[in-house]
Amino acid sequence: MILLTRLCLLGLLACGLASADYYNIKTADNEFALRQKKIYNLLYHVGQPDIVNRPLYDEGQEWSIEANINSYANTLAVKDFLYMYKNGMLPRGELFSTYYSKMLKEMKALFRLFYYANDFDVFYKTALWARNNINEGQFFLALYNAVIRRPDTVYIQLPPPSEMYPYFFFNSEVLEKAHHPKVFGKLDPQAPEGFKSYIISANYSGWYVNREFNLENRLNYFTEDVGLNSYYFFFRHGFPFWMESKEFNLPDYRGEEYLYGHKQLMNRYYLERLSNDLPKLEDFDWQQPFYAGYYPTMTYHNGLPFPQRPDWVKLPIYKYKYIKDIMDKESRITAAIDSGYILNNDSKWYNIYNETGVNVLGNIIEGNADSPNRQFYGSIDALGRNILGYNLEPANKYQILPSALETFSTSMRDPAFYRLYRRICSFYYRYKMKQKPYIRDEIMYPNLKIESFTVDKMTTFFEYFDTSIGNSLLVENQKEADSLLIKIRQDRLNNNAFNFHIALNSDKPMKAAIRIFLGPKYDSHRKLIELPENLKYFYEIDNWIIDVNAGLNKIVRNSRDCFFLMPDQEPNEIFYKKLLKNLEGNSEFTYSERIFGFPERLLLPKGKKEGMPFQLFLHVSPVTSMNKYNSRIWGNYKFDNRPFGFPLDKPLDGFNYDGPNMMFKDILIYHKDQPDMNIPY
């Protein structure tokens, strides 16, 4: 099945299609709106269920899972959970991470309990009970995954993770001030009706510990971006590594999505490095001191600090066993790529140079539940996070101190994240480079000719953005919870909308797939990038299908139409008020048929004030067959049946990508400082 996998340009910047049905905006009926309200109520002040929404606490305590065991489709899942609960689970208030096996096992049992509830009413009552009795981190993750997958919660919107647990998104200095808003904040004159709102200004964590030699901190506005880290949280929960496809009917391209998704993120990150005059990432040796230090200046809700990693650190002795393990696993994966065979858990060898091979490769690198031999290939992903996170070994099964790498919402803040995934992407490139190259006829189509390709001026800038965090802070009573609003204000990168203009000649009417990639023009030393060798650094910013007529076609595509891009979510307090007005019969309530997307603000790298050179690559190809991709998180769309990253995903000997249906375009990306925003160039 030549990829149902074929476009899952995943939550990456892979922006999607021009068909009219990317995703629909729907008007909620009363049942949907009521369920949406109940989900938000479940996530309102999760840490104080007996103080905030006390009637819900009482209702949850009245529910007995054991007495209602027949209300669940899988009674074995219920019994497994009850066995764990009666023998003691992670206490409330303690730290949680999916990278600790005992805690993960407990969270999975809770998720399966939610998932197998016979109807929404049973699910809701079970969640009310769990909200009172289960660790907050386990409850949060199990509930999010259940809402994403249950048939009766399709497209129910979920609060941004930053509003649920800001300790993963802001440093300790800011959150300490947030606990004393009257002293450190300023009143918001534009507060919503019924709220007393305080605004606390925040910088990025690097400002406090920055030194001249620590160039990585130039990127903090990108690596610590609230929207980017929320995106990565949802990206990794599209296919949670612990979830087995067979049990939960997941599509069969999770491994390829894992690899291509991280490749897209790495290429986007590389362009941001170039905008700040930083070179490509260096490789590293597991047995040598690790270059990039990390000082998160963050604390967990219980006051414990995130682990720090000094610059040029030799990894501690208690990591040696993991280092030996990951070196063995990397050697086995390299051998699998070079030989073309993997060893399955049935002790037989299977060829990976076929249509499903890249998916299998992704599964064994991630070490997910679909890995054909996790015992042999392990998980380079999990091992790398364990080693580079520099965290201490747990004192006992529940006494942990996870590093930033051991939580998806904080992973991208650590420079080690990008070194680790550079290593992982190198396996992906190695596999692709050993495949049979495309022949020219597979990517060049003389019946389609690009006459011109232009783009409007591309401009980026910084702007202020407010994140509401009151939902996560302790309150004295219900009145305070319902009236006090605390926001953290921070600069963030944004860009002005722009249009692509394409003039395309076709010798006959047809459906055509249009792909646009953005890549570097020069390296950090101002040397011209050599093509086609460095096309692997181009990232796919748009891909859509269009009907073209015979003759000249003039196509205009707005940057905001890229499918996987998404504007900022509404803050909880505004979203919830709209919901209440709808339930009271005073207004309509609309929702989109997806939960999240890549921040449209981050489509472009920062560029430079004087204009920074980049390149666009445009490719147009006939569509011979289409598939429909359905995702509860990213939405539904149609795509043509070609590999991820086509036509730049495999080598093409002796060809400079200069066919009639493809074109390179030199562009400049300008950056405007805030004081200059009203001054035209």
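Residues numbered from 1 in each chain as written. Predicted model: local features only at pLDDT ≥ 70, side-chain atom pairs only at ≥ 80, totals over all residues. Heavy atoms only, no water.

## Brief notes about the sheet that holds strand S11 (residues 539-548)
The eight strands lie next to each other as S2-S3-S8-S7-S19-S16-S10-S11, forming an open sheet whose pairing is mixed. The sheet is open, and its two edges are formed by strand S2 (186-187) and S11, each paired on a single side. Where strand S7 (residues 458-468) lies against strand S19 (residues 662-672), four bridges are found, and the strand directions are parallel. Opposite Thr460, over in S19, you have His671 as the bridge partner. Along the sheet, helix H14 (residues 254-275) contacts strand S8 (484-495), strand S10 (510-520), S11 and strand S16 (612-622); its crossing angle with S11, the most-contacted strand, is approximately 115 degrees. (Pairing = 2+ DSSP bridges. Helix = DSSP H or I, 4+ residues; strand = E, 2+ residues; numbered from the N terminus. Contact = heavy atoms within 4.5 Å. Axes fitted to C-alpha atoms, helices over the stretch in contact; angles between N-to-C directions.)

## With respect to the environment of Ile364
Position of Ile364 among the secondary structure elements: in helix H16 (residues 357-366). According to the relative accessible area criterion, Ile364 is buried, its value standing at 0%. In this view, Ile364 contacts Ile333, Ile342, Ser371, Pro372, Tyr377 and Gly378; residues no more than four positions away in its chain are not counted. (Buried < 20%, exposed > 50% of the residue type's maximum accessible area, 1.4 Å probe, protein only.)

## A short note on the packing of aromatic side chains
Inspection of every chain in the model, using the stated rule, returns 59 aromatic pairs. When the ring of Phe81 is compared with that of Trp129, the centres are 5.9 Å apart and the planes differ by 85 degrees; the resulting orientation is edge-to-face. With Phe81 in helix H3 (residues 75-86) and Trp129 in helix H5 (residues 120-133), the pair connects residues that are 48 residues apart, well separated along the chain. Each member of the pair, Phe81 as well as Trp129, carries the same accessibility label: buried. (Phe/Tyr/Trp six-rings, centres within 6.5 Å; stacked < 30°, edge-to-face > 60°.)

## Examining the side chain of Asp640
Looking at where Asp640 falls in the secondary structure, it is placed in strand S18 (residues 635-640). Residue classification places Asp640 among the buried residues on the basis of a relative accessible area of 2%. Reaching out from Asp640, the side chain makes a polar contact with the side chain of Arg515 at a distance of 2.6 Å. (Polar contact = N/O pair within 3.5 Å; in protein donor to acceptor, adjacent residues only side chain to side chain.)

## Some points on the packing of helix H1 (residues 30-42) against H5
The geometry of H1 relative to H5 is characterised by a closest axis approach of 10 Å and an angle of 15 degrees between their N-to-C directions. Overall, the two elements H1 and H5 adopt an arrangement that is roughly parallel. Pair H1 / H5 crosses with left-handed handedness. Contacts between H1 and H5 involve Arg35, Lys38, Ile39, Asn41 and Leu42 on the former and, on the latter, Phe120, Phe123, Tyr124, Ala127, Leu128 and Arg131. Among the residues making up the contact of H1 with H5, the classes are represented as seven nonpolar, one polar and three charged. (Parallel < 35°, antiparallel > 145°, perpendicular 65-115°, else oblique. Left-handed = near helix turned anticlockwise from the far one by under 90°. Nonpolar A, V, L, I, M, F, W, Y, C, P; charged D, E, K, R; others polar.)

## Observations concerning the sheet that holds strand S12 (residues 551-558)
Read across the sheet, three strands follow the order S6-S9-S12 without closing on themselves; strand pairing throughout is antiparallel. Looking at strand neighbours, the two that pair on one side only are strand S6 (448-455) and S12, the edges of this open sheet. Averaged over all pairs of adjacent strands, the angle between their axes in this sheet comes to 20 degrees, without regard to strand direction. Pairing between S6 and strand S9 (residues 499-506): seven bridges, direction antiparallel. Its bridge partner being in S9, Thr454 is matched across the sheet by His501.

## Here we look at the pairing of S11
S11 sits mainly inside the fold: eight of its 10 residues count as buried. Pairing of S10 with S11, which is carried by nine bridges, proceeds in the antiparallel orientation. Note that in S11 the partner of Ile516 across the bridge is Asp542.

## Re the pattern of salt bridges
Within the structure shown, the criterion is met by 46 salt bridges. Across the salt bridge formed by Glu31 and Arg35, the nearest N and O atoms sit 3.0 Å from each other. Of this pair, Glu31 and Arg35 both sit in helix H1, four residues apart, which is roughly one turn of that helix. Of the charged contacts, one joins Arg515 and Asp640 as a salt bridge, the two residues approaching to 2.6 Å between their closest N and O atoms. Taken together, the positions of Arg515 in strand S10 and Asp640 in strand S18 put the pair 125 residues apart, joining distant regions of the chain. Each member of the salt-bridge network shares a partner with another, and the members are Asp225, Glu463, Arg492, Asp568 and Arg601. (Salt bridge = Lys/Arg side-chain N within 4 Å of Asp/Glu carboxyl O.)

## Observations regarding the pairing of S10
Of all 11 residues making up S10, 10 are buried, and the element is well covered by its neighbours. In terms of strand pairing, S10 meets S16 through nine bridges, oriented antiparallel. Within the sheet, the bridge partner assigned to Ile514 lies in S16 and is Val620.

## Considerations on the UniProt feature "domain: Hemocyanin N-terminal" (unreviewed entry) in the protein
According to UniProt, the "domain: Hemocyanin N-terminal" (unreviewed entry) feature falls on residues 33-153. Across residues 33-153, helical content stands at 61% and strand content at 0%; the span's end C-alpha atoms are separated by 11 Å. (UniProt positions renumbered as here; feature names shortened; annotations may be inferred.)

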